[in-house]
Number of protein chains: 2
Amino acid sequence: MSTVEHRAAALKALIASEHRRVTSYDVATLAGVSQSAVSRCFKPGASVSKTTYELVMKVAALLDYIPNAAARSLITRRSNMVALIITNQANLYYPELLAEVSQQINARGKRVLLFTLQRESQVDHVLADVWQYQVDGVIAAAQLSPVHIAEFERRGMPLVLFNRTMRDQIVNTVTCDHLEAGRLLASRLAAAGHRQFGIIGGGRDSSVATERQRGACERLAELGLPPPVVVPGQYDYRSGAAGLKAVIAQLGTVPDAVICGSDVMAIGCLDCARHELGLDVPGQLSVAGFDAVEPSNWASYNLTTLRQPVPRMAAAAADLLCERIDSHDPGTEKRVFSVEFIDGATARLTPAGATPPRVATGLPRPVAIM
Amino acid sequence: MSTVEHRAAALKALIASEHRRVTSYDVATLAGVSQSAVSRCFKPGASVSKTTYELVMKVAALLDYIPNAAARSLITRRSNMVALIITNQANLYYPELLAEVSQQINARGKRVLLFTLQRESQVDHVLADVWQYQVDGVIAAAQLSPVHIAEFERRGMPLVLFNRTMRDQIVNTVTCDHLEAGRLLASRLAAAGHRQFGIIGGGRDSSVATERQRGACERLAELGLPPPVVVPGQYDYRSGAAGLKAVIAQLGTVPDAVICGSDVMAIGCLDCARHELGLDVPGQLSVAGFDAVEPSNWASYNLTTLRQPVPRMAAAAADLLCERIDSHDPGTEKRVFSVEFIDGATARLTPAGATPPRVATGLPRPVAIM
DNA sequence: TTGTAGGCGTTATCAG
DNA sequence: CTGATAACGCCTACAA
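Here the structure is a predicted model, which means the values were calculated and not measured. (Residues numbered from 1 in each chain as written. Chains lettered and ligands numbered in written order. Predicted model: local features only at pLDDT ≥ 70, side-chain atom pairs only at ≥ 80, totals over all residues. Heavy atoms only, no water.)

(A) Summary view of the protein's contact with DNA strand D. Around DNA strand D sit 27 residues in total, of which A:Ser24, A:Ser39, A:Tyr65, B:Ser47 and B:Thr52 are the nearest. Sugar plus phosphate: this is where 63% of the atoms of DNA strand D within 4 Å of the protein reside. With respect to DNA strand D, the side chain of A:Ser39 contributes an N or O atom lying 2.5 Å from a phosphate oxygen. With respect to DNA strand D, the side chain of A:Tyr65 contributes an N or O atom lying 2.7 Å from a phosphate oxygen. Breaking the surface near DNA strand D down by element, the ones donating at least two residues are helix H3 (35–41) and helix H5 (69–76) of chain A together with helix H3 (35–41) and helix H5 (69–76) of chain B. (Near = heavy atom within 4 Å. Polar contact = N/O pair within 3.5 Å; in protein donor to acceptor, adjacent residues only side chain to side chain. Helix = DSSP H or I, 4+ residues; strand = E, 2+ residues; numbered from the N terminus.)

Spelled out as structure tokens, the structure:
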């Protein structure tokens, strides 16, 4: 007499010899039910009797059967995959972004198909793959052109941009208010008496750095302070040192404060100031960054910086995308978060809320800065 | 008279109204060829006349047609996807690993399905997804149990472990020789006259830290030095400071050198020694790490450490996996890389190749240390 | 609750 | 080189 275990083993051997996979049909045959019954057992909330369910599951386990996602997505037209397009830089500087997005997407029953970009030019290649793989939606932490955005539109592919803003584009985004962040930093530094600023910006393709820089400049102008010296940077450690020297060269003297477009540049700036130029920070020079990356909090730096709520932003991006996927509604939405001020030890600051210097324009001073 | 462009536009509208995708059949109809002809045009190296090819491609472009990967993988039994399983920690400390692996996999015509692990317990969940999605192979930078490994075997799923070794398991791995790295560091420090060592290890589940630690201890014993004080760590900044204090407490004095299981811990140790305990590093205490992460090279640290050739290892992992996938050969292989010594400024060292102290056991001294 | 039958969109085979 | 036809493994009305 042959038990179901024995017959399962024999069937498995046969299947292996035929170089094919275990299918729902195999399970059905062995369990003595129809193929659709098996299918229903693997669909949550389907109508199956408890007896059938248990029998099918037992046989499935015996055969190591697992439904084939490709076949499923063919008929459901849902791959349950989301593409995540991210630049190398973004992952280097916010490694937690990836983990958070991935966790959030998985928590919503979808998988992440990952594409990392080394160069801007790889975008076209990556998008071709995205269309092929029939992902349900895309989260992009990379610069897309309006032409690319239009293609998403045309194909009806839900898209969420992470920390990228596109002027005049109707598209879902999750961002921090980087303009406000730049203004805030300028306000706080100006309130503490800094007058001459240097700014080390980010790359040309980064809307984030541009916004931060614009916010700071705007605010300094409002306060009637002398125009800051602005030099470009590439977001890396070396840019910080090079940027500081360039600022000093252009100014002919050491500025009161340097605002850097990212923490890594701020740290480069800081190390250069202290170890290479022998400057006292914050005594002679204040240095501030953006992002609050892990090293900014280390004892050797203790950087004055602004933190983005990356985990919350990642969750929002996942949320927003899944909403768009499930609702089939092409409407767009922008979710904007505020930064958190990190009062480190690399800038001379007066306590938040202290009276800032009267603004040159004579405007009433803002009620609250933070 | 209706041009092909007009008819394409009309067909697209029809397809959209039917809520279905553009298929190769649509292209075939519009181009006046068979569906198989269209299929062949998208298969590199297939036998198609130039005329047909160009006609089909033109029509395909007009319709925005792109082959459906799910349907293809159903029949070819190849998804051209590779799962990458990585712990959050690994991505935090080696963010370049992800980018490199991803690039290498893409360069080989495959995509990366990403799974990040927050906890060990998520492995089972992740593996279930891996089977569902019919990936062609898996690269794992996470700890898998022998039971998991056996399941890969059973399902004939190619697997490459990244920087994890499994005793008595027949499995493909790409690793650094961490035992050798630990020995090397101990040798160099001992050669420079350090006698009493402290070691801050890694978590229990990390074979990497264990090997490094074992190598160092082994070598110190061979050299007849007093047994080092070993304390556990969790790979993070705080563990470095806590570890240093624990070592000092256990020893009753400051050791000559502390070997840390990772750079981040070494940096924590360094900051604690300098800023909290007021110790002169390397004057009173030498500190060394492992991994040569980016901050280890910053001016404030300039850490003595060992670098793993991460890009080469990533390429090797991708290579090895693709080989296993394409060859259908279940044979396994282990690729082992050597670390590179980074002679920073946090340890007193004599130049490489200088005569080390005679070993206590009287064995002939090794020909070359590096 | 269960089984039957058709189709998702592609590639592979084979005859012409 | 080209076209007809049969899979691939599953989901889903629909009928029983």
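(B) The pattern of salt bridges, seen in detail. A complete count under the given rule lists 44 salt bridges over all chains for this structure. As a salt-bridge pair, A:Asp136 and A:Lys110 come within 3.4 Å of each other at their nearest N and O atoms. Note that A:Asp136 is positioned in the loop between helix H8 (123–132) and strand S3 (137–141) and A:Lys110 in the loop between helix H7 (95–107) and strand S2 (111–117), a separation of 26 residues in sequence. The two residues A:Asp136 and A:Lys110 agree in class, both being buried. Two residues, B:Asp26 and B:Arg20, come together in a salt bridge whose shortest N-O distance is 2.8 Å. In this structure B:Arg20 comes out as partly exposed when scored by relative accessible area, which is 28%. Residues joined by salt bridges that share partners form a network here, namely A:Arg183, A:Glu211, A:Arg214, A:Glu218, A:Arg219 and A:Glu222. (Salt bridge = Lys/Arg side-chain N within 4 Å of Asp/Glu carboxyl O. Buried < 20%, exposed > 50% of the residue type's maximum accessible area, 1.4 Å probe, protein only.)

(C) Up close: the nonpolar core. Counting residues in hydrophobic clusters, the biggest one holds 94 residues, and the most contacted among them are A:Leu97, A:Ile139, A:Val174, B:Leu97 and B:Ile139. Excluding its chain neighbours within four sequence positions, the residues that come into contact with B:Ile139 are B:Val82, B:Ala83, B:Leu84, B:Ile85, B:Val101, B:Ile105, B:Val160, B:Phe162, B:Ala317, B:Ala318 and B:Leu321. A:Leu270, A:Ala273, B:Met265 and B:Leu285 belong to the second-largest nonpolar core, a separate cluster that totals 58 residues. (Core = buried A, V, L, I, M, F, W, Y, C linked by side-chain atoms within 4.5 Å. Contact = heavy atoms within 4.5 Å.)

(D) Expanded view of the interface of chain A and chain B. Across the contact, 56 residues belong to chain A and 57 residues belong to chain B. It is A:Gln132, A:Tyr133 and A:Trp298 in chain A that bury the most area against chain B; as a group they hold 12% of the surface buried on that side. The tally of links from chain A across to chain B stands at four salt bridges. Across the pair B:Asp129 and A:Arg111 runs a salt bridge whose closest N-O atoms are separated by 3.5 Å. At the boundary of chain A with chain B, the tally comes to 29 residue pairs in polar contact (both at pLDDT 80 or more). Counted by class, the side of chain A that touches chain B contains 27 nonpolar, 17 polar and 12 charged residues. In this sheet, strand S2 (residues 111–117) of chain B lies alongside S2(A) in antiparallel orientation, the contact comprising three bridges. Paired with A:Leu113 across the bridge in S2(B) is B:Leu113. (Buried area = accessible area lost by both parts, 1.4 Å probe. Nonpolar A, V, L, I, M, F, W, Y, C, P; charged D, E, K, R; others polar. Pairing = 2+ DSSP bridges.)

(E) Molecular detail of the sheet that holds S2(B). The 12 strands are arranged S11(A)-S5(A)-S4(A)-S3(A)-S1(A)-S2(A)-S2(B)-S1(B)-S3(B)-S4(B)-S5(B)-S11(B) in an open sheet whose pairing can be described as mixed. A strand with exactly one partner marks an edge of an open sheet, and here the two such strands are strand S11 (334–337) of chain A together with strand S11 (334–337) of chain B. The mean inter-strand angle of the sheet, taken between neighbouring strand axes irrespective of direction, is 20°. (Axes fitted to C-alpha atoms, helices over the stretch in contact; angles between N-to-C directions.)

(F) Examining the sheet that holds strand S6 (residues 197–200) of chain B more closely. Residues and elements named next belong to chain B. If you trace the four strands from one edge of the open sheet to the other, you get S7-S6-S8-S9, paired in parallel fashion. Of all strands in the sheet, those bounded by a partner on one side alone are strand S7 (229–231) and strand S9 (286–288). The sheet shows a mean angle of 15° between the axes of neighbouring strands, direction not considered. Note that strand S8 (residues 257–260) and S9 share three bridges and pair parallel. When the bridges of S9 are listed, Ala 257 appears paired with Ser 286. Set on the sheet, helix H11 (residues 207–222) makes contact with S6, S7 and S8; between it and S6 the angle comes to about 165°.

(G) Main features of the pairing of strand S1 (residues 81–87) of chain A. Residue and element names in this part refer to chain A. Taking burial as the measure, the seven residues of S1 include seven buried ones, the bulk of the element. Covered by surrounding structure in S1 are Met 81, Ala 83, Ile 85 and Thr 87 together with Val 82, Leu 84 and Ile 86, the residues of both alternating faces. Relative to S2, S1 is paired through seven bridges, and the arrangement is parallel. Residue pairing for S2: Thr 87 is matched across the bridge by Leu 117. Where S1 meets S3, five bridges bridge the pair, whose relative direction is parallel. Looking across to S3, one finds that Ala 83 is bridged to Val 138.

(H) The arrangement of the relation of the copies chain A and chain B in detail. Superposing chain A onto chain B requires a rotation of 180° together with a translation of 0.0 Å along the rotation axis, leaving an RMSD of 0.1 Å. Expressed as an axis order, the relation between the two copies is that of a two-fold axis. A symmetric contact is evident, with 100% of the interface residues of chain A recurring at the interface of chain B. (Least-squares fit on C-alpha atoms with pLDDT ≥ 70 in both.)

(I) A look at the protein's contact with DNA strand C. Around DNA strand C there are 27 residues in total, and A:Ser47, A:Thr52, A:Ile75, B:Ser24 and B:Ser39 lie nearest to it. B:Arg72 places a side-chain nitrogen or oxygen 2.8 Å from a phosphate oxygen of DNA strand C. Among the elements of the structure, H3 and H5 of chain A together with H3 and H5 of chain B are those that each provide at least two residues to the surface near DNA strand C. The greatest single-element share of the surface near DNA strand C, amounting to four residues, is contributed by H5(B). The residue makeup of the surface near DNA strand C, split by class, is 10 nonpolar, 12 polar and five charged.

(J) Structural detail: the state of the cysteines. Counting across every chain of the model gives zero disulfides over all chains. The closest cysteine sulfur to the non-disulfide-bonded A:Cys260 is located on A:Cys269, 4.3 Å from its own sulfur. (Disulfide = S-S within 2.5 Å.)

(K) Spotlight on the side chain of B:Ser24. All names here are of chain B. Its location among the elements puts Ser 24 in helix H2 (residues 24–31). Separated by 2.8 Å, the side chains of Ser 24 and Gln 35 make a polar contact. Excluding anything up to four places from it in sequence, Ser 24 contacts Gln 35, Val 38 and Tyr 65.

(L) Spotlight on the domain arrangement of chain A. Residue and element names in this part refer to chain A. Domain boundaries assigned for chain A yield domain 1 (3–75), domain 2 (77–176 + 310–338) and domain 3 (178–308). Here domain 2 and domain 3 have C-alpha centroids that lie 30 Å from each other. Facing the 12 residues of domain 2 at the interface are 14 residues of domain 3. Considering only the side of domain 2, the residues that lose the most area to domain 3 are Tyr 93, Tyr 94 and Cys 176, jointly responsible for 44% of the buried surface there. Taken together, domain 2 and domain 3 are joined by zero salt bridges. Sorting the residues of the side of domain 2 that touches domain 3 by element identifies helix H6 (88–93) and helix H14 (310–327) as the ones contributing at least two each. Partitioned by chemical class, the residues of the side of domain 2 that touches domain 3 number five nonpolar, four polar and three charged. (Domains from an automatic or database assignment.)

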